[in-house]
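Secondary and tertiary structure notes
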Amino acid sequence: MDGVLKPNNRLEQATRVLTLPSIDNLVAAGSTAYCSGGNNLYSLRAEAGSLRADLAGSFPGAITFLAADSAGRLAVGVADEGIRFASPEGSWNQVALAPDLARCAVAADFTPDGSLLVCIGSREVAAADWKRDLMQHGRSGTILSVDQAGDIVTLVEGLAFPYGIAALGDGRFVYSESWRHCLVRRAIGSPHDISDLLSDLPAYPARLARSAEGGFWLTAFAPRRQLFEMVLREDDYRREMMATIDPSEWVGPDLSGESRPDQPLQAGSVRQMGVIKPWAPSHSYGLVIKCDAEGRPLESWHSRADGTMHGITSVIEFQGIVLATSRGSGTLLNLGTSGAPVESRP
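The sections below set out a description of the structure shown in this document. (Residues numbered from 1 in each chain as written. Predicted model: local features only at pLDDT ≥ 70, side-chain atom pairs only at ≥ 80, totals over all residues. Heavy atoms only, no water.)

**Topic: empty space enclosed by the protein**
Where empty space is left in the structure can be found by rolling a water-sized probe over the atoms. One pass over the structure, following the stated rule, counts one cavity of 30 Å³ or more. Computed from the structure, the largest cavity encloses a volume of approximately 40 Å³. Lining the largest cavity are Leu201, Pro202, Ala203, Tyr204, Pro205, Leu218, Thr219, Ala220, Leu287 and Ile289. Every element with two or more residues in the lining of the largest cavity is listed here: strand 18 (203-210), strand 19 (216-223) and strand 22 (286-291). (1 Å grid on protein atoms, 1.4 Å probe; cavity = no way out; pocket = protein on both sides within 12 Å on 5 of 7 lines; lining within 4 Å. Points joined across faces, edges and corners; volume = space filled by probe spheres on them. Helix = DSSP H or I, 4+ residues; strand = E, 2+ residues; numbered from the N terminus.)

In structure tokens:
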């Protein structure tokens, strides 16, 4: 990480708005923002200079994504069920998905014509089992289009865990492909109109959100490390690890910080003299990147190895401020005012 992505402590210094176990996805719908936490949907409203979270609904499965459009239409992905659409009047309609699609629908965004673009991270594992998909070199990710009548069209297949998507106003969309560490832009209905906006990212990218300035925000939920890359190349070791060791003990990325004394260490060690160093090769990290319309990074927020605001999975602009979720710590963060001047970086 260097240049615009040079590490800093801005996520650690950000205002901690509230603590909510399993907080994951954020979306803004008019004067209300919503966030997910497990099976529950919460509404966020500004009151007296602060945000208040109220329970807005509960679902039979974990909420795997949220999406909203300018008209106030809300879409909620429910694990092992499908998609529920809420109208501005408060009524709910359900679109069922096939079992191999419903268990890992991890991100979505509305297009200007009202269709919903949905990222299926994997057709082989559940959303909560993302590490298994990484370790088995998963390439079963899919992007769907769901129109207002509930008809489903497959747009892209064979992706390495698509985890974020943003519809553009010109018939194109941008999506993150986690296991390829990149951002891709392509046109709906034109398979040859495709280009990588960002490649070889130093972390696994997650969800995207459009910026009011014309670009977009990108989150990254875990770091890439030399040890992880080596394990992914060593097939015999990787297969034996998956077959004989509990997934919580696998050598690989995590959403939260180093908390167990027996967690696998790496070259250089995570701790020195009992203290976690900020530059240590930790299993988790926190990262938010602000990009322009062409995907060029403009600014970044970090939580390094010695921090706790790790596992950033969602970011939005809401009423002039930027909010992000640290799934690793269960914290909603206020990153500051949107549209503020970009700080100069050495």
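**Focus on the pattern of salt bridges**
For the structure shown, the criterion picks out 20 salt bridges. In this structure, Arg180 engages Glu177 in a salt bridge whose closest nitrogen and oxygen atoms are separated by 2.8 Å. On the accessibility criterion, Arg180 (36% relative accessible area) is partly exposed. Taken together, the shared-partner salt bridges in this structure form one network comprising Asp24, Arg207 and Arg327. (Salt bridge = Lys/Arg side-chain N within 4 Å of Asp/Glu carboxyl O. Buried < 20%, exposed > 50% of the residue type's maximum accessible area, 1.4 Å probe, protein only.)

**Here's the deal with unusual backbone geometry**
Despite not being glycine, Phe161 shows a phi value in the positive range, around 60°. Positionally, Phe161 belongs in the loop between strand 13 (152-159) and strand 14 (162-167). Since its relative accessible area comes to 1%, Phe161 is described here as buried.

**Some points on helix 4 (residues 226-233)**
Taken as a whole, helix 4 has its buried residues at Leu227, Phe228, Val231 and Leu232. Seen from one end, helix 4 has its buried residues packed into an arc of 135°, which puts them on one side. Exposed side chains of helix 4 directed beyond 90 degrees from the buried face belong to Gln226 and Arg233. On its buried face, helix 4 is in contact with helix 3 (130-135), strand 18, strand 19 and helix 5 (235-244). (Arc of directions from axis to C-beta. Contact = heavy atoms within 4.5 Å.)

**Points about the nonpolar core**
Core analysis: the biggest nonpolar cluster contains 34 residues, and Ile143, Trp179, Tyr204 and Phe221 have the highest contact counts within it. In terms of nonpolar packing, the next biggest core, distinct from the first, is built from 17 residues, Ala67, Phe85, Leu116 and Val146 among them. (Core = buried A, V, L, I, M, F, W, Y, C linked by side-chain atoms within 4.5 Å.)

**Side note on the layout of surface pockets**
Size it by volume and the largest pocket reaches roughly 480 Å³. Those elements that provide at least two residues to the lining of the largest pocket are strand 2 (23-29), strand 6 (63-68), strand 10 (105-110), strand 14, strand 18 and strand 24 (312-318). The biggest single contributor to the lining of the largest pocket is strand 2, with five residues. Tallied by class, the residues present in the lining of the largest pocket amount to 16 nonpolar, five polar and five charged. (Nonpolar A, V, L, I, M, F, W, Y, C, P; charged D, E, K, R; others polar.)

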